[in-house]
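# Structural description and commentary
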Amino acid sequence: MLANLKLVESSRICLHESHENKRLHKTRQIIEEEGILRHPPLAILMQNGQYLIIDGAHRTFALQALGCKHIPIQVVEHENFHLDMWDHIVPVAAWLQSVEQDSVFRWETERLRETPVAEMKIGNKERFYLYPKEKRQDDEWRMTLWRQLVDSYNYSHPVHRLPTGMLEWPETGAALIRFPPISLAELEHIVSEGHVLPAGVTRFEIDGRLLNLCIPISLLKQEQIEQEQWERLVKKWRETLRLYSKPVYMCDA
């Protein structure tokens, strides 16, 4: 497992999703106060040689904001993760009316042959499919619409995320927003074109995580890191690493 832990220059890191300001501020504050990074972000190696963060975008943003020249990452092999999407459950409020009135969306009660921007279920009886009014199919336009939809509620209302398909219909007074799935190849293409998804839309199921490594931030801020420094840390982790084979339930407060 430790063989998959790498120290990578910040310039070789790619992010596929945007961040939430409040969460980023909290994450940065914790890392800065503790002076350590407890859990390294998880990443995959892309075909262009860069590393794509698949879990830990806010930690990565925070490290970059703190001036870290290197980012420690746990590299995940493709056979050890599965890419899926999150369903968003949001209280029905003024945001819904603003989306209904937004001129960029076309609301349909039946699914058409083209892929919708999103499927929306309101309460336990109304189902709609949101399509772009403008006939464009490029990634930039699709990501713009996704961000516009998520931004309409993400910063003003509590968003409950569930794995896609776990809930068929939301309760009365709530809306379920479901995004069409994307493949890893599509995601890499979107990132390589310089686009990002809204925060909290993609969901990666990952086998095995390295936790609580407590990596000093002072080390990550160095322009050049001596190999001996890093090897001493790896040796310490190797001597104290423990595998928990039982499920762990963590409250993500």
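From a predicted model like this one, the values you see are computed outputs, not experimental measurements.

For the protein chain, the helix and strand inventory stands at seven helices and 14 strands. Against the globule reference of 18 Å for 253 residues, the protein chain gives a C-alpha radius of gyration of 20 Å, in line with a compact fold. Dimensions of the protein chain along its principal axes, counting C-alpha atoms only, are 60 × 35 × 35 Å. By residue count, 45% of the 253 residues in the protein chain fall in the buried class.

This part is about the environment of R38. Tracing the sequence through the fold places R38 in the loop between β3 (36–37) and β4 (42–45). For R38 and S192, which are 154 residues apart along the polypeptide, the C-alpha to C-alpha distance reads 29 Å. Setting aside its immediate chain neighbours within four residues, R38 contacts L211, N212, L213 and C214. Here E34 takes part through its side chain, which lies 3.2 Å from a polar atom of the side chain of R38.

Evaluation of the coordinates by the stated rule reveals 16 salt bridges. The partner of R59 in a salt bridge is D55, with the nearest N and O atoms 2.9 Å apart. Owing to a relative accessible area of 19%, R59 belongs among the buried residues under this scheme. Here R209 makes a salt bridge to D55, at a shortest N to O gap of 3.3 Å. Residue R209 is located in the loop between β13 (202–206) and β14 (215–216), and its partner D55 is located in strand β5 (residues 51–55); the two are separated by 154 residues in the primary sequence. Via salt bridges that share partners, D55, R59 and R209 belong to a single interconnected network.

This part takes up the pairing of strand β6 (residues 70–75). Counting buried residues along β6, six of its six residues qualify, which places the element largely inside the surrounding structure. Of the two faces of β6, both are covered, the one formed by H70, P72 and Q74 as well as the one formed by I71, I73 and V75. Both strand β1 (residues 5–9) and β6 contribute to a ladder of five bridges, which runs antiparallel. Across the sheet, the residue bridging to V8 is I71, located in β6. One ladder, built from two bridges, connects β4 with β6; its direction is parallel. Along β6, the bridge assignment pairs A43 with V75.

The next subject is the packing of aromatic side chains. Taken as a whole and judged by the stated rule, the model has five aromatic pairs. Their ring planes at 55 degrees and their centres at 5.7 Å tell us that F81 and F204 sit as a pair that is tilted. Linking F81 in strand β7 (residues 81–91) with F204 in strand β13, this pair joins segments that are 123 residues apart in sequence. In this pair, the class of F81 matches that of F204, namely buried. On the numbers, 5.5 Å between centres and 75 degrees between planes, the contact of W230 with W237 is edge-to-face. Exposure class is identical for W230 and W237. Each is buried. Cation over ring: K121 sits above W169, and NZ or CZ is 4.8 Å from the ring centre.

Next up on the list: the state of the cysteines. For the structure shown, the criterion picks out zero disulfides. Unpaired in terms of disulfides, C14 finds its nearest cysteine sulfur in C68, a separation of 18 Å. For C14, a relative accessible area of 11% gives the class buried. Between C214, a free cysteine, and C68, which holds the nearest cysteine sulfur, the sulfur-to-sulfur gap is 15 Å. Classification of C214 by relative accessible area gives partly exposed; the value is 24%.

The buried count for strand β9 (residues 118–122) comes to five of five residues, which makes it a mostly enclosed element. Of the two faces of β9, both are covered, the one formed by A118, M120 and I122 as well as the one formed by E119 and K121. In this sheet, strand β10 (residues 126–132) lies alongside β9 in antiparallel orientation, the contact comprising five bridges. Bridge assignment links E119 to a residue of β10, and that residue is Y129. Between β9 and the antiparallel strand that follows it, β10, lie three residues; G123 among them carries a positive phi value of about 60 degrees.

Calculation notes
- Each chain carries its own residue numbering, running from 1 in the written order of its sequence.
- Predicted model: local features are reported for residues with pLDDT of at least 70 only, side-chain atom pairs are reported and counted for 80 or more only, and whole-chain, interface and lining totals are derived from all residues.
- Just so you know, side-chain values use all the structure's heavy atoms and leave hydrogens and water out.
- Here a helix means four or more residues in a row that DSSP labels H or I, a strand means two or more in a row labelled E, and each is numbered from the N terminus.
- What the globule rule says is 2.2 Å times the number of residues to the power 0.38, and the radius of gyration is computed from C-alpha atoms.
- Only protein chains enter the area calculation, which uses a 1.4 Å probe; residues under 20% of their type maximum are buried, those over 50% are exposed, and those in between are partly exposed.
- It only takes one pair of heavy atoms within 4.5 Å for two residues to be counted as in contact.
- Here a polar contact is taken to be a pair of N or O atoms separated by no more than 3.5 Å, where protein atoms must pair a possible hydrogen donor with a possible acceptor and residues adjacent in sequence count only if both atoms sit in side chains.
- Each salt bridge in this description consists of a side-chain nitrogen of Lys or Arg and a carboxyl oxygen of Asp or Glu lying within 4 Å of one another.
- By this definition, two strands are paired if DSSP reports at least two bridges between them.
- Within 6.5 Å between ring centres, the rings of Phe, Tyr and Trp (the latter by its six-membered ring) count as paired, and their orientation is classed by plane angle as stacked under 30 degrees, edge-to-face over 60, tilted in between.
- In this analysis the charged atom, NZ for Lys or CZ for Arg, is taken to sit over a ring once it is within 6 Å of the ring centre and within 35 degrees of the ring normal.
- For this text, the term disulfide refers to a pair of cysteine sulfurs within 2.5 Å.

It is worth stressing that arrangement in space is one thing and function is another; only the former is reported here.
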